[in-house]
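Reading the structure
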Amino acid sequence: MLAITDLQTLAPARMQRAHGQASVSFHARDGRTRLDRLFQEGCAKLRFPRPLGNEAPQAILINTAGGLTGGDRFGTEVDLAENAQACVTTQACERVYRSTGADAVVTNRLRLSAGARLAWLPQETILFEGGRLSRKLDADLAGDAELVAVEAVLFGRQAMGETLHSGHLHDRWRIRRDGRLIFADDLRVEGDIAARLSPQPAMAGCRAMATVLFSGPAPERFLDQARSIIGPGGGASAWNGKFLARLVEETGLALRRRLEPLLTLLLGGRPLPKVWQL
(Lines give C-alpha, C1' and ligand atoms only; values in the text may rest on other atoms or scores of the structure.)
Protein backbone atom coordinates (compact mmCIF):
# COMPACT_ATOMS: atom_id res chain seq x y z
CA MET A 1 0.00 0.00 0.00
CA LEU A 2 1.28 3.46 -0.90
CA ALA A 3 1.76 5.95 1.89
CA ILE A 4 0.31 9.46 1.68
CA THR A 5 3.76 10.82 0.96
CA ASP A 6 4.08 8.39 -1.97
CA LEU A 7 0.75 9.59 -3.43
CA GLN A 8 1.90 13.18 -3.13
CA THR A 9 5.07 12.28 -4.99
CA LEU A 10 3.10 10.62 -7.80
CA ALA A 11 0.62 13.48 -8.18
CA PRO A 12 1.56 16.00 -10.91
CA ALA A 13 2.91 19.25 -9.54
CA ARG A 14 0.53 22.19 -9.88
CA MET A 15 2.57 25.24 -10.72
CA GLN A 16 1.56 28.64 -9.43
CA ARG A 17 0.62 31.01 -12.26
CA ALA A 18 0.44 34.76 -12.40
CA HIS A 19 -2.71 36.59 -13.53
CA GLY A 20 -3.12 40.29 -14.05
CA GLN A 21 -5.76 42.54 -15.58
CA ALA A 22 -5.73 46.32 -15.84
CA SER A 23 -8.31 48.64 -17.35
CA VAL A 24 -8.12 52.41 -17.64
CA SER A 25 -10.20 55.07 -19.35
CA PHE A 26 -9.65 58.78 -19.92
CA HIS A 27 -12.02 61.60 -20.84
CA ALA A 28 -11.45 65.19 -21.95
CA ARG A 29 -12.91 68.11 -20.03
CA ASP A 30 -12.16 71.83 -20.29
CA GLY A 31 -9.44 71.11 -22.83
CA ARG A 32 -7.55 68.67 -20.58
CA THR A 33 -7.49 64.89 -20.43
CA ARG A 34 -8.36 63.40 -17.07
CA LEU A 35 -8.52 59.92 -15.59
CA ASP A 36 -12.05 58.54 -15.74
CA ARG A 37 -12.01 54.94 -14.50
CA LEU A 38 -9.31 52.60 -13.22
CA PHE A 39 -9.39 48.87 -12.49
CA GLN A 40 -6.43 46.69 -11.58
CA GLU A 41 -6.32 43.09 -10.47
CA GLY A 42 -3.66 40.54 -9.61
CA CYS A 43 -0.13 41.34 -10.73
CA ALA A 44 -1.21 44.17 -13.08
CA LYS A 45 -0.76 47.67 -11.68
CA LEU A 46 -1.01 51.12 -13.25
CA ARG A 47 0.77 54.22 -12.00
CA PHE A 48 0.32 57.80 -13.21
CA PRO A 49 3.29 60.18 -13.01
CA ARG A 50 2.35 63.82 -12.65
CA PRO A 51 2.27 65.40 -16.15
CA LEU A 52 4.65 68.26 -16.84
CA GLY A 53 3.10 71.39 -18.33
CA ASN A 54 0.61 70.52 -21.03
CA GLU A 55 1.77 66.91 -21.48
CA ALA A 56 -0.90 64.28 -21.95
CA PRO A 57 -1.42 61.89 -19.01
CA GLN A 58 0.86 58.87 -18.83
CA ALA A 59 -0.14 55.45 -17.54
CA ILE A 60 2.76 53.17 -16.59
CA LEU A 61 1.92 49.49 -16.60
CA ILE A 62 3.71 47.31 -14.04
CA ASN A 63 3.78 43.52 -13.85
CA THR A 64 4.53 42.86 -10.17
CA ALA A 65 5.14 39.17 -10.93
CA GLY A 66 8.52 40.22 -12.34
CA GLY A 67 8.07 38.54 -15.71
CA LEU A 68 5.98 35.97 -17.58
CA THR A 69 6.20 32.22 -17.92
CA GLY A 70 4.05 29.41 -19.27
CA GLY A 71 0.44 29.62 -18.14
CA ASP A 72 0.60 33.24 -16.99
CA ARG A 73 -2.14 35.53 -18.28
CA PHE A 74 -1.91 39.32 -18.50
CA GLY A 75 -4.30 41.79 -20.05
CA THR A 76 -4.72 45.53 -20.50
CA GLU A 77 -7.67 47.57 -21.75
CA VAL A 78 -7.42 51.27 -22.61
CA ASP A 79 -10.41 53.48 -23.49
CA LEU A 80 -10.13 57.08 -24.66
CA ALA A 81 -13.26 59.21 -24.89
CA GLU A 82 -13.73 61.86 -27.56
CA ASN A 83 -10.71 64.20 -27.92
CA ALA A 84 -8.83 62.57 -25.02
CA GLN A 85 -5.06 62.11 -25.26
CA ALA A 86 -2.88 59.67 -23.35
CA CYS A 87 0.30 57.61 -23.39
CA VAL A 88 0.55 54.06 -22.05
CA THR A 89 3.94 52.49 -21.47
CA THR A 90 5.62 49.94 -19.19
CA GLN A 91 7.90 50.39 -16.22
CA ALA A 92 10.63 48.25 -17.81
CA CYS A 93 11.24 45.56 -20.39
CA GLU A 94 8.96 42.54 -20.03
CA ARG A 95 10.75 39.21 -19.61
CA VAL A 96 9.37 35.92 -20.88
CA TYR A 97 11.05 33.03 -19.06
CA ARG A 98 11.34 29.32 -19.85
CA SER A 99 8.03 27.49 -20.00
CA THR A 100 7.23 23.89 -19.15
CA GLY A 101 4.89 23.77 -22.15
CA ALA A 102 2.08 26.33 -22.01
CA ASP A 103 2.19 29.84 -23.47
CA ALA A 104 2.21 33.03 -21.51
CA VAL A 105 -0.83 34.88 -22.88
CA VAL A 106 -0.99 38.67 -23.17
CA THR A 107 -4.12 40.39 -24.48
CA ASN A 108 -4.21 44.14 -25.08
CA ARG A 109 -7.35 46.00 -26.17
CA LEU A 110 -7.44 49.68 -27.19
CA ARG A 111 -10.55 51.75 -27.94
CA LEU A 112 -10.32 55.32 -29.22
CA SER A 113 -13.30 57.62 -29.79
CA ALA A 114 -13.30 60.35 -32.43
CA GLY A 115 -10.56 62.93 -31.96
CA ALA A 116 -8.70 60.79 -29.42
CA ARG A 117 -4.94 60.31 -29.59
CA LEU A 118 -3.10 57.41 -27.97
CA ALA A 119 0.57 56.48 -27.82
CA TRP A 120 0.89 52.75 -27.03
CA LEU A 121 4.58 52.49 -26.14
CA PRO A 122 5.47 49.36 -24.15
CA GLN A 123 9.19 48.84 -23.72
CA GLU A 124 10.91 45.82 -25.27
CA THR A 125 9.93 42.22 -24.57
CA ILE A 126 12.87 39.87 -23.89
CA LEU A 127 12.30 36.26 -24.88
CA PHE A 128 14.49 33.85 -22.91
CA GLU A 129 15.54 30.35 -23.96
CA GLY A 130 12.46 28.12 -23.85
CA GLY A 131 10.09 31.05 -23.41
CA ARG A 132 6.65 30.91 -24.98
CA LEU A 133 4.52 34.01 -25.62
CA SER A 134 1.18 34.47 -27.36
CA ARG A 135 0.27 38.16 -27.55
CA LYS A 136 -2.66 39.99 -29.13
CA LEU A 137 -3.15 43.69 -29.83
CA ASP A 138 -6.66 44.75 -30.86
CA ALA A 139 -7.43 48.41 -31.49
CA ASP A 140 -10.74 49.99 -32.44
CA LEU A 141 -10.47 53.56 -33.75
CA ALA A 142 -13.40 55.87 -34.41
CA GLY A 143 -13.51 58.74 -36.87
CA ASP A 144 -10.24 60.68 -36.93
CA ALA A 145 -8.67 59.01 -33.86
CA GLU A 146 -4.89 58.74 -33.99
CA LEU A 147 -2.78 55.81 -32.78
CA VAL A 148 0.98 55.34 -32.48
CA ALA A 149 1.86 51.77 -31.44
CA VAL A 150 5.08 49.81 -31.06
CA GLU A 151 6.03 46.28 -30.07
CA ALA A 152 9.71 45.36 -29.85
CA VAL A 153 11.22 41.94 -29.13
CA LEU A 154 14.74 40.94 -28.08
CA PHE A 155 15.58 37.30 -28.78
CA GLY A 156 17.78 36.51 -25.79
CA ARG A 157 20.30 38.71 -24.00
CA GLN A 158 23.34 39.15 -26.20
CA ALA A 159 25.48 40.45 -23.33
CA MET A 160 24.89 37.12 -21.53
CA GLY A 161 25.78 35.09 -24.62
CA GLU A 162 22.29 33.61 -24.91
CA THR A 163 21.21 31.84 -28.08
CA LEU A 164 17.60 30.74 -28.43
CA HIS A 165 17.43 27.13 -29.60
CA SER A 166 13.86 26.65 -28.41
CA GLY A 167 10.88 28.89 -27.82
CA HIS A 168 7.69 30.26 -29.32
CA LEU A 169 6.44 33.74 -30.21
CA HIS A 170 3.09 34.58 -31.77
CA ASP A 171 2.36 38.30 -32.07
CA ARG A 172 -1.07 39.17 -33.55
CA TRP A 173 -2.26 42.68 -34.46
CA ARG A 174 -5.77 43.70 -35.57
CA ILE A 175 -6.49 47.41 -36.09
CA ARG A 176 -9.96 48.63 -37.10
CA ARG A 177 -11.35 52.06 -37.92
CA ASP A 178 -15.11 52.56 -37.67
CA GLY A 179 -15.48 48.79 -37.54
CA ARG A 180 -13.50 48.14 -40.73
CA LEU A 181 -10.28 46.16 -40.57
CA ILE A 182 -7.41 48.39 -41.76
CA PHE A 183 -4.37 46.43 -40.58
CA ALA A 184 -3.73 42.78 -39.73
CA ASP A 185 -0.42 41.18 -38.92
CA ASP A 186 0.66 37.81 -37.56
CA LEU A 187 4.25 37.08 -36.60
CA ARG A 188 5.03 33.51 -35.59
CA VAL A 189 8.44 32.01 -34.87
CA GLU A 190 9.16 28.83 -32.93
CA GLY A 191 11.54 25.93 -32.50
CA ASP A 192 15.21 26.71 -33.09
CA ILE A 193 14.66 30.46 -33.18
CA ALA A 194 18.32 31.37 -33.75
CA ALA A 195 18.44 29.15 -36.85
CA ARG A 196 15.16 30.55 -38.18
CA LEU A 197 16.33 34.15 -37.80
CA SER A 198 19.76 33.62 -39.32
CA PRO A 199 18.90 33.65 -43.08
CA GLN A 200 19.22 36.95 -44.91
CA PRO A 201 15.52 37.12 -45.91
CA ALA A 202 14.54 36.84 -42.24
CA MET A 203 16.72 38.87 -39.85
CA ALA A 204 20.26 37.97 -40.99
CA GLY A 205 21.09 36.81 -37.48
CA CYS A 206 19.91 39.99 -35.75
CA ARG A 207 18.54 39.55 -32.24
CA ALA A 208 16.27 42.59 -31.96
CA MET A 209 13.22 43.64 -33.97
CA ALA A 210 10.31 46.06 -33.74
CA THR A 211 7.04 46.84 -35.48
CA VAL A 212 5.85 50.46 -35.43
CA LEU A 213 2.42 51.62 -36.62
CA PHE A 214 0.90 55.06 -37.04
CA SER A 215 -2.75 55.35 -38.01
CA GLY A 216 -3.92 58.89 -38.57
CA PRO A 217 -3.95 61.76 -41.05
CA ALA A 218 -1.35 62.16 -43.83
CA PRO A 219 1.07 59.36 -42.81
CA GLU A 220 3.06 59.91 -46.01
CA ARG A 221 4.62 63.01 -44.46
CA PHE A 222 6.77 60.81 -42.23
CA LEU A 223 8.29 58.59 -44.89
CA ASP A 224 11.47 60.40 -45.95
CA GLN A 225 12.61 61.24 -42.44
CA ALA A 226 11.58 57.84 -41.07
CA ARG A 227 13.59 55.99 -43.71
CA SER A 228 16.60 58.14 -42.89
CA ILE A 229 16.25 57.24 -39.19
CA ILE A 230 15.75 53.52 -39.84
CA GLY A 231 18.64 53.14 -42.26
CA PRO A 232 19.44 49.77 -43.84
CA GLY A 233 18.15 47.78 -40.86
CA GLY A 234 14.50 47.92 -41.84
CA GLY A 235 11.96 49.71 -43.97
CA ALA A 236 8.86 51.90 -43.88
CA SER A 237 5.72 52.30 -45.99
CA ALA A 238 2.62 54.50 -45.88
CA TRP A 239 -0.73 53.76 -47.52
CA ASN A 240 -4.47 54.14 -46.88
CA GLY A 241 -4.09 56.30 -43.78
CA LYS A 242 -1.40 54.31 -42.01
CA PHE A 243 2.38 54.20 -41.65
CA LEU A 244 4.20 50.95 -40.90
CA ALA A 245 7.87 50.40 -40.11
CA ARG A 246 9.88 47.25 -39.42
CA LEU A 247 13.26 47.50 -37.76
CA VAL A 248 15.90 44.87 -37.06
CA GLU A 249 19.20 45.36 -35.24
CA GLU A 250 21.97 43.24 -33.78
CA THR A 251 21.40 44.47 -30.21
CA GLY A 252 18.62 45.92 -28.12
CA LEU A 253 20.60 49.09 -27.56
CA ALA A 254 21.04 49.64 -31.31
CA LEU A 255 17.31 49.06 -31.79
CA ARG A 256 16.42 51.53 -29.04
CA ARG A 257 18.59 54.21 -30.65
CA ARG A 258 16.53 53.86 -33.83
CA LEU A 259 13.18 53.61 -32.10
CA GLU A 260 13.49 56.73 -29.97
CA PRO A 261 13.84 59.26 -32.82
CA LEU A 262 11.32 57.36 -34.98
CA LEU A 263 8.65 57.40 -32.28
CA THR A 264 9.36 61.05 -31.49
CA LEU A 265 8.80 61.82 -35.18
CA LEU A 266 5.46 59.98 -35.24
CA LEU A 267 4.41 61.72 -32.02
CA GLY A 268 4.86 65.09 -33.68
CA GLY A 269 7.89 65.97 -31.56
CA ARG A 270 6.23 65.16 -28.23
CA PRO A 271 8.77 63.63 -25.81
CA LEU A 272 8.84 59.94 -25.01
CA PRO A 273 7.99 58.85 -21.45
CA LYS A 274 10.75 59.28 -18.89
CA VAL A 275 10.95 55.51 -18.36
CA TRP A 276 12.18 55.20 -21.97
CA GLN A 277 15.33 57.18 -21.21
CA LEU A 278 18.35 54.92 -20.80
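Please read these numbers as outputs of a predicted model, since none were measured by experiment. (Residues numbered from 1 in each chain as written. Predicted model: local features only at pLDDT ≥ 70, side-chain atom pairs only at ≥ 80, totals over all residues. Heavy atoms only, no water.)

1. A few points about the packing of aromatic side chains
- By the definition in use, this model includes five aromatic pairs.
- Residues phenylalanine 26 and phenylalanine 48 carry aromatic rings whose centres are separated by 6.4 Å and whose planes lie at 75° to one another, so their mutual orientation is edge-to-face. Residue phenylalanine 26 is found in strand β1 (residues 19–29), and its partner phenylalanine 48 is found in the loop between β3 (44–47) and β4 (58–63); the two are separated by 22 residues along the sequence.
- Taking the relative accessible area as the measure of exposure, phenylalanine 48 reaches 31% and is therefore partly exposed.
- Clustering of aromatic rings is evident, with ring pairs tying together Phe214, Phe222 and Phe243.
- Sitting over the ring of tryptophan 276, arginine 256 keeps its end group 4.4 Å from the ring centre. (Phe/Tyr/Trp six-rings, centres within 6.5 Å; stacked < 30°, edge-to-face > 60°. Helix = DSSP H or I, 4+ residues; strand = E, 2+ residues; numbered from the N terminus. Buried < 20%, exposed > 50% of the residue type's maximum accessible area, 1.4 Å probe, protein only. Lys NZ or Arg CZ within 6 Å of the ring centre and 35° of its normal.)

2. Observations concerning the pattern of salt bridges
- Counted according to the given criterion, the structure contains 14 salt bridges.
- Here aspartate 79 and arginine 111 are joined by a salt bridge, their closest N and O atoms 3.2 Å apart. Of this pair, aspartate 79 sits in strand β5 (residues 73–80) while arginine 111 is found in strand β8 (residues 104–112), placing the two residues 32 residues apart along the sequence.
- A salt bridge links aspartate 186 to arginine 174; the nearest nitrogen and oxygen atoms lie 2.9 Å apart. (Salt bridge = Lys/Arg side-chain N within 4 Å of Asp/Glu carboxyl O.)

3. Brief notes about helix α4 (residues 252–266)
- The end-to-end C-alpha separation of α4 is 21 Å, in line with the 21 Å expected for 15 residues at 1.5 Å each.
- Within α4, the full set of buried residues consists of Leu255, Arg256, Leu259, Leu262, Leu263, Leu265 and Leu266.
- Each element contacted by the buried residues of α4 is listed here: β9 (117–121), β12 (146–155), β15 (208–215), α3 (223–230) and β17 (242–249).
- Of the residues trailing α4, glycine 268 is marked for its positive phi of about 70°. (Expected span 1.5 Å × (residues − 1). Contact = heavy atoms within 4.5 Å.)

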